[in-house]
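# Inside the fold
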Amino acid sequence: MDATDLLPLLGGPGNIRSVAACMTRLRVEVYDRDSVRTTGLRTLPGVLGLVQDADALQIVLGPGTVTRVAAELQRLLNPLAARGASLKAAQQARNATPFKRFLRRIGQIFIPLVPALIGCGLVAGLAGVLADLHLLTSLVPALSAVAGGFMALLAVFVGHGTAREFGGTPVLGGAVAAVVVHPGVTHVHAFGLTLTPGQGGVLGALGAALLAVQVEKACRKVLPAALDVLLTPALTVLLPGLVTLYGLMYAAGQVSAATGRFTNVLLADGGAAAGFVLGGLFLPLVMLGLHQALIPVHTTLIAEQGSTVLLPLLAMAGAGQVGAALALYVRLARNGRVRSTIRSALPAGLVGIGEPLIYGVSLPLGRPFVTACVGGAFGGGFVGLLGQLGSTVGATAIGPSGWALFPLLKGGHGPAEAAAVYGAGLLVGYATGFAATYVFGLSREALAELNVPRAAPPSQGVPPSAYSVQDK
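Residues numbered from 1 in each chain as written. Predicted model: local features only at pLDDT ≥ 70, side-chain atom pairs only at ≥ 80, totals over all residues. Heavy atoms only, no water.

To continue, consider the overall build of the protein. From N to C terminus, the protein includes 18 helices and eight strands. Each of the 472 residues in the protein was classed as buried or not, and the buried ones make up 48%. Look at the contacts in the protein between residues 6 or more apart in sequence, and 73% of them connect residues 24 or more apart. Total accessible area on the protein is roughly 20200 Å²; 68% of this is exposed by carbon and sulfur atoms. (Helix = DSSP H or I, 4+ residues; strand = E, 2+ residues; numbered from the N terminus. Buried < 20%, exposed > 50% of the residue type's maximum accessible area, 1.4 Å probe, protein only. Contact = heavy atoms within 4.5 Å. Areas by Shrake-Rupley, 256 points an atom, 1.4 Å probe, with all protein chains shown as cover.)

Bringing the pairing of strand β3 (residues 49–52) into the picture now. For β3 and strand β4 (residues 57–60), the ladder comprises four bridges, and the chain directions are antiparallel. For G49, the partnering residue across the bridge sits in β4 and is V60. Linking β3 back to β4 in an antiparallel pair, the connection comprises four residues. (Pairing = 2+ DSSP bridges.)

Next up on the list: the packing of helix α13 (residues 310–331) against helix α14 (residues 336–350). The interhelical angle for the contact between α13 and α14, taken along N-to-C directions, is 160 degrees, at an axis separation of 10 Å. Judged by the angle between their axes, α13 and α14 are roughly antiparallel. Pair α13 / α14 crosses with left-handed handedness. In this structure, α13 uses V322, A325, L326, L328 and Y329 to contact α14, whose residues at the interface are R339, I342, R343, L346, G349 and L350. (Axes fitted to C-alpha atoms, helices over the stretch in contact; angles between N-to-C directions. Parallel < 35°, antiparallel > 145°, perpendicular 65-115°, else oblique. Left-handed = near helix turned anticlockwise from the far one by under 90°.)

Tallying each qualifying case throughout the model produces two cavities of 30 Å³ or more. Considering only enclosed or pocket space, the largest cavity measures out at about 50 Å³ in volume. Surrounding the largest cavity, L267, V309, L313, V383, G384, G387, S391, T392 and V393 form its lining. Per element, the largest residue contribution to the lining of the largest cavity is three residues, and it comes from helix α16 (residues 367–388). Of the residues in the lining of the largest cavity, the class split is five nonpolar, four polar and no charged. Of the volumes computed, that of the second largest cavity is approximately 40 Å³. Every residue lining the second largest cavity is listed: A315, G318, A319, V322, G349, L350, G352, S401, G402, L426 and Y430. (1 Å grid on protein atoms, 1.4 Å probe; cavity = no way out; pocket = protein on both sides within 12 Å on 5 of 7 lines; lining within 4 Å. Points joined across faces, edges and corners; volume = space filled by probe spheres on them. Nonpolar A, V, L, I, M, F, W, Y, C, P; charged D, E, K, R; others polar.)

Right, let's talk about the environment of G352 for a bit. Tracing the chain through its elements places G352 in the loop between α14 and α15 (355–365). Given a relative accessible area of 32%, G352 falls into the partly exposed group. Discounting chain neighbours no more than four positions away, the residues touching G352 are S401 and G402.

Once that is clear, we can look at the sheet that holds strand β2 (residues 25–30). Within the open sheet, the four strands sit side by side as β1-β2-β4-β3. Their pairing is antiparallel. Two strands in the sheet have a free side with no partner beyond their single neighbour: β1 (16–21) and β3. Averaged over all pairs of adjacent strands, the angle between strand axes in this sheet comes to 20 degrees, irrespective of strand direction. Sheet topology note: the β1/β2 ladder contains five bridges and is antiparallel. The residue bridging I16 from the neighbouring strand is V30, located in β2. Helix-sheet contacts for helix α3 (residues 65–77) involve β1 and β2, and the interaxial angle to β1 is about 150 degrees. Running at roughly 85 degrees to β4, α15 makes contact with β2, β3 and β4 of the sheet.

Pasting the structure below:
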């Protein structure tokens, strides 16, 4: 599909306010929702799903395709980017949902950092393996430096992204957040304690940059133009910087430490139950696009403990989804459309990109989405139970899941046991998702209606509306 196919269905170029792409979704903000032809979008070949929230339309296109279509759409829109301020204000008022908007904005701060987190995590994992095997020992310090450089300055990048997202000057946000990691903080005493570089981590950097944005906006309003160019940057760095040193770093450090302690207690005392709940509820978060709000939690755990134990648990949701898709592939042996969609979306699902399977397969059919969640719950419960028994497994970086998470795994008893625990959890998720979907995923009426010869579409994937039933 091409961007020219989408443009008229979105109300034309004059109705589009912004376009952005994540790994699988095209996020489009429009001025007038009534001008969008949602039925046409859902039935457009190549569109795997459509999510409408208060802020944007999320059009699921799948990895690769979404990047190409977003670039094409941007090129089409550039000549017609201007739009009346009244329509913009009316649309913003209509879509005012502060909590969801805040969560999405937090996610947008960290999403650009994910590629670097993945890359540095893999390099750090390689360094750890070489060190454990006593191979290329002279290269290990160099690899550790390459992997650790970004993580050492992560607070600066978070501050830069926070200011950009919330309407401040990005470099000022980065400058204030840099205080968190500056070695000179060891000479500062707050609450009777000596500060340490990195104390408070990304939470401290996030709070410092948010405060810097507010100070900058206030200065821009009250200072005359002649003084603005000098005093605004100075005050934006000075005031939030002092607050960060004498308050935020300590408070954020306490929150970060509490997050780590809570996670440890959660898995030690209720690992199976916690894993069951987390694994079962993660697919709905992905469906709503709210899973990105967990990125700061993962990042905090990695900074505090060296790995995030939550990510392997949440990854089990993808395993349940894969198992459900395989069950539908077997049950609907005569439906070429469904089987074609599963074949095209399954490779992405195996490496942790679940949206194509969610919006192209399980969610349109109703019950399979629920049984996929059941598979994720049992996979998460299994990994949580083993963690409760002492075989904990964590991820040294965030981003991928499914099979792609294996190189990033870290466990209390070495990478081999961590891989075994995680792999066994995936198998439990696959098997439970398959069994639950095979037995309960389709009603008798739905099976009779769907399991008939249907030609596969000429393009890759099939829109949800190609299914004749939702759930019976």
